[in-house]
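# Coordinate analysis (summary)
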Amino acid sequence: QVLLVESGGGLVQAGGSLRLSCAASGSVSSIAAMGWYRQAPGKQRELVATITSGGSTNYADSVKGRFTISRDNAKNTVYLQMNSLKTEDTAVYYCKADYSRISVRRDYWGQGTQVTVSS
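Residues numbered from 1 in each chain as written. Predicted model: local features only at pLDDT ≥ 70, side-chain atom pairs only at ≥ 80, totals over all residues. Heavy atoms only, no water.

## What about unusual backbone geometry?
Although it is not a glycine, serine 84 sits at a positive phi angle of roughly 50 degrees. Note on placement: serine 84 falls in the loop between strand S8 (77–82) and strand S9 (91–101). The backbone phi angle of isoleucine 102 is positive, close to 55 degrees, even though this residue is not glycine. Given a relative accessible area of 81%, isoleucine 102 falls into the exposed group. (Helix = DSSP H or I, 4+ residues; strand = E, 2+ residues; numbered from the N terminus. Buried < 20%, exposed > 50% of the residue type's maximum accessible area, 1.4 Å probe, protein only.)

Shown next, in the form of structure tokens:
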């Protein structure tokens, strides 16, 4: 099992910055990749950024050049640095871990952290 705990959300003005953190515990050695997703009220959950165990990253077009995903393997933690925030970035941000061990593959999700960008 994998437990994910997000932190770092809050209220920020447009143009400001926030850094989200996702700390993983449990069977962390079986995590193949981690990522950040977000969901606004009335909208579907969408991918923001992912990072694999090999360090490969992927970003949604809407955040390229503004957000950076990184990891600290020693601390079992993934970060999302969010710069030049826009009101359209307002959403609940969720951390996801891709679990892979032998024939078992599944996703684990954190509880989410609210990010609100005001104008």
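## Some words on the sheet that holds strand S3 (residues 18–26)
The strand order S1-S3-S8-S7 describes an open sheet built from 4 strands, whose pairing is antiparallel. Looking at strand neighbours, the two that pair on one side only are strand S1 (2–7) and strand S7 (67–72), the edges of this open sheet. The average undirected angle you get between the axes of adjacent strands in this sheet is 15 degrees. In this sheet, S3 lies alongside S1 in antiparallel orientation, the contact comprising 6 bridges. The partner of valine 5 across the bridge, within S3, is alanine 23. (Pairing = 2+ DSSP bridges. Axes fitted to C-alpha atoms, helices over the stretch in contact; angles between N-to-C directions.)

## Here we look at the environment of glycine 65
Secondary-structure assignment places glycine 65 in the loop between strand S6 (57–59) and S7. In this structure glycine 65 comes out as exposed when scored by relative accessible area, which is 87%. Linking glycine 65 and methionine 82, residues 17 residues apart in sequence, is a C-alpha distance of 9.8 Å.

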